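These are the residues of each chain, in order.
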Amino acid sequence: MKLITTDIKNKVLDSMVRILDKNRTELLEANKRDLELFNKNDQALYERLIVDDKKIEEMIAAVQKVRSQEDPVGRDISGEELPNGLKVTNKTAPFGTIMIIYESRPDVTIEAAVLAFKANNKILLKGGKEALHSNTVLVDFWHRALKENNLSTDYIQLLNLNREETRAFLKNPNQKLDLIVPRGGERLIAFVKEHASCAVLVSGRGNNFLYVDEQADWEMSLQVILNAKTAKISACNALDKILIHTNIEDFSRKMMDLAHVLKENGVSLLVDEGAQKVLKDEALIPETSVWKEEFLALKCCIGTVEKTEDAIETINEHSGGHSATIMTQNKETALQFMEQVDCAAVYQNASTRFTDGGQMGVGAELAISTDKLHHRGPLGLKQLVTNKYYVFGEGQIRE
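Residue indices begin from 1 for each chain and proceed along its sequence in written order. This being a predicted model, a pLDDT of at least 70 is required before a residue's local features are given, and a value of 80 or more before pairs of side-chain atoms are given or counted; all residues contribute to the totals for chains, interfaces and linings. As a rule here, side-chain values come from all non-hydrogen atoms in the structure, and water together with hydrogens is ignored.

Engineer: Before we go on, may I ask you to explain helix α6 (residues 132–148) in this structure?
Structural biologist: Compared with the 24 Å implied by 1.5 Å per residue over 17 residues, the 24 Å span of α6 between its first and last C-alpha is a close match. Residue burial is assigned from relative accessible area. The probe radius is 1.4 Å, only protein chains are included, and a residue is buried under 20% of its type maximum, exposed over 50%, and partly exposed in between. Secondary structure elements follow DSSP: runs of H or I no shorter than four residues count as helices, runs of E no shorter than two count as strands, and numbering proceeds from the N terminus. For α6, every residue scored as buried is listed here: His 133, Ser 134, Asn 135, Val 137, Leu 138, Val 139, Phe 141, Trp 142, His 143, Ala 145 and Leu 146. Directly beyond the C-terminal end of α6, a positive phi value near 60° is found at Asn 150. For a helix, the expected span equals 1.5 Å multiplied by the residue count minus one.

As structure tokens, then:
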């Protein structure tokens, strides 16, 4: 895609803000159709699907935030003049065409598109069938904004493909693909990796851990656990697994306290053998594979460890590489944990729910990357570019 000036890109975003605000009823009616057709048995997916006035305000704010951010394209990364006279400049450049595959959340249709467009990429949006009416309206809004500014609607496209059609497209796309972002669970990620013919950036899987060290503030720990587990079960930054140091003061009382608080808030529990010695009425974790599951439900595992190294080892073996927290007043223990746990975001004394572009100062995000190349963590505007070397010479040849 040709490079567009910052001024034109920002005018498209201004148009989109106005169109979103002016046509709220059209979007709400489309979303109502999606909600009426949805099977409410999957509460997490249902929560992600809902669009209301508050959600529309958040969509508008996301567009405005990206509009206010510096254009990430064409920025100097480094520059050097070589002894042979060549002037070498490394600059940021668009990826090209990005495909994102996601379920349920219509707000992704806004955030993914605004980020990709401002970074001068073309984006293919493969939303879930459960959000078809909402996504169709939102992409139509984008197309209106593009047309108002005499730009092709090819920049933002909605792909309405079933599973077989998606597989065929991934294997043999009818247009050039530079990057695919599967934003979902293990099955989606495995499906895309199996069939994609270009780079895949993994995101979206949570299965986040929280470790309560023996030197933790217990009341603080309860508050953080409750927020991380119950505030939004549909989020990839929600808490699924809790590890408790067996040497914590009043271990038995605190274990019962934790179980009571969680169950009082509707959370079902699975426990390991160490925890069951105290929580005798709770079911044992049936198999090791449960430690690797992302629940997206009011459900969590409670396990016990005898030292911080065991907690680190457990997390590195089973987590999704997304977020992990240590609750401790010991700075050295916290630093050991944070340096050795292999996750995109590590916390001391704070909820995993902060692993979010807006909360971490990145702004709107395409996804939370759990890959290590080319970026890890929230994929914001600055992360949706690659690089290109500009080499200026005066006839130099290599001997």
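From this point on, the discussion continues.
Engineer: Hey, could you run me through the side chain of Asn 207 in this one?
Structural biologist: Within the secondary structure, Asn 207 is located in the loop between β7 (199–200) and β8 (208–212). Relative accessible area serves as the criterion here: at 1%, Asn 207 is assigned to the buried category. Among the polar contacts made by the side chain of Asn 207, one reaches the main-chain carbonyl oxygen of Trp 291 at a distance of 2.9 Å. Polar contacts, as counted here, are pairs of nitrogen or oxygen atoms within 3.5 Å of one another; within protein the pair requires one atom able to donate a hydrogen and one able to accept it, and residues that are adjacent in sequence qualify only if both atoms are side-chain atoms. Among the polar contacts listed, one links the side chain of Asn 207 to the backbone oxygen of Lys 292, at a separation of 3.4 Å. By definition in these notes, contact holds between two residues if any of their heavy atoms fall within 4.5 Å. Setting aside residues up to four positions removed in sequence, Asn 207 forms contacts with Asp 240, Lys 241, Trp 291, Lys 292, Glu 293, Glu 294, His 318, Ser 319 and Gly 320.

Engineer: What's the story with the environment of Ile 60 in this structure? I'm lost.
Structural biologist: Looking at the element boundaries, Ile 60 is found in helix α4 (residues 53–68). Exposure remark for Ile 60: the relative accessible area of 6% places this residue in the buried category. Each C-alpha atom, one on Ile 60 and one on Leu 20, is 7.0 Å from the other, the two residues being 40 residues apart in sequence.

Engineer: Would you take a moment to explain the packing of aromatic side chains for this structure?
Structural biologist: For any two aromatic rings, the description comes down to two numbers: the centre-to-centre distance and the angle of the planes. Each pair of aromatic rings taken from Phe, Tyr and Trp, with Trp reduced to its six-membered ring, is defined by centres within 6.5 Å and is described as stacked if the planes are under 30 degrees apart, edge-to-face if over 60, and tilted in the remaining cases. Under the counting rule described, the total for this entry stands at 4 aromatic pairs. Aromatic side chains Phe 38 and Tyr 46 sit 5.8 Å apart centroid to centroid with 35° between the ring planes, which places their arrangement in the tilted category. Summarising the burial analysis for this pair, Phe 38 and Tyr 46 share the class buried. Between Tyr 211 and Phe 337, the aromatic rings sit 6.1 Å apart at their centres with planes inclined by 20°, giving stacked as the arrangement. Placement of the pair is Tyr 211 in strand β8 and Phe 337 in helix α13 (residues 331–340), with a sequence separation of 126 residues. For the pair Tyr 211 and Phe 337, one class covers both residues: buried. Two thresholds decide whether a charge sits over a ring: the Lys NZ or Arg CZ must be within 6 Å of the ring centre and within 35 degrees of the ring normal. Positioned above the aromatic ring of Tyr 390 is the side chain of Lys 91, whose terminal nitrogen or guanidinium carbon lies 4.9 Å from the ring centre. The ring centre of Phe 295 lies 4.2 Å from the NZ or CZ of Lys 241, which sits over that ring.

Engineer: Mind showing me how you'd approach the sheet that holds strand β1 (residues 76–81) here?
Structural biologist: Hydrogen bonds between backbone atoms are what pair the strands of a sheet, whose relative direction is either parallel or antiparallel. Ordered by their spatial adjacency, 3 strands build an open sheet running β1-β2-β17, and the pairing between neighbours is antiparallel. Looking at strand neighbours, the two that pair on one side only are β1 and β17 (385–392), the edges of this open sheet. Direction aside, neighbouring strands of the sheet carry axes that sit 20° apart on average. At least two bridges found by DSSP between two strands are what make those strands a pair. Where β1 meets strand β2 (residues 87–94), 5 bridges bridge the pair, whose relative direction is antiparallel. Considered in β2, the bridge of Gly 79 is made with Thr 89. As a rule, the C-alpha atoms of each element are fitted with a line to give its axis, helices using only the stretch in contact, and angles between N-to-C directions run from 0 to 180 degrees.

Engineer: Help me out: how do you make sense of the pairing of β2 in this one?
Structural biologist: Note on strand geometry: in a regular strand, side chains alternate between the two faces of the sheet. Linking two consecutive strands that pair antiparallel, namely β1 and β2, is a turn of 5 residues; a positive phi of about 95° is found at Gly 85 within it. Pairing between β2 and β17: 8 bridges, direction antiparallel. Bridging from a neighbouring strand, Ala 93 pairs with Thr 386 of β17.

Engineer: What is the right way to read the packing of helix α12 (residues 308–318) against α13 from this model?
Structural biologist: Two numbers describe how α12 lies on α13: the axes approach to 10 Å, and their chain directions differ by 25°. In terms of their interaxial angle, α12 and α13 are classed as roughly parallel. With respect to the hand of their crossing, α12 and α13 are arranged in right-handed fashion. Along its contact with α12, which presents Thr 308, Glu 309, Ile 312, Ile 315 and Asn 316, the element α13 presents Thr 333, Gln 336, Phe 337 and Gln 340. Tallied by class, the residues present in the contact of α12 with α13 amount to 3 nonpolar, 5 polar and 1 charged. Here roughly perpendicular refers to angles of 65 to 115 degrees, roughly parallel to angles under 35, roughly antiparallel to angles over 145, and oblique to all remaining angles. Helix crossings get a hand from a simple test, with the near helix turned counterclockwise from the far one by less than a right angle marking a left-handed crossing and a clockwise turn marking a right-handed one. Residues are grouped as follows: Ala, Val, Leu, Ile, Met, Phe, Trp, Tyr, Cys and Pro are nonpolar; Asp, Glu, Lys and Arg are charged; all remaining types, including Gly, are polar.

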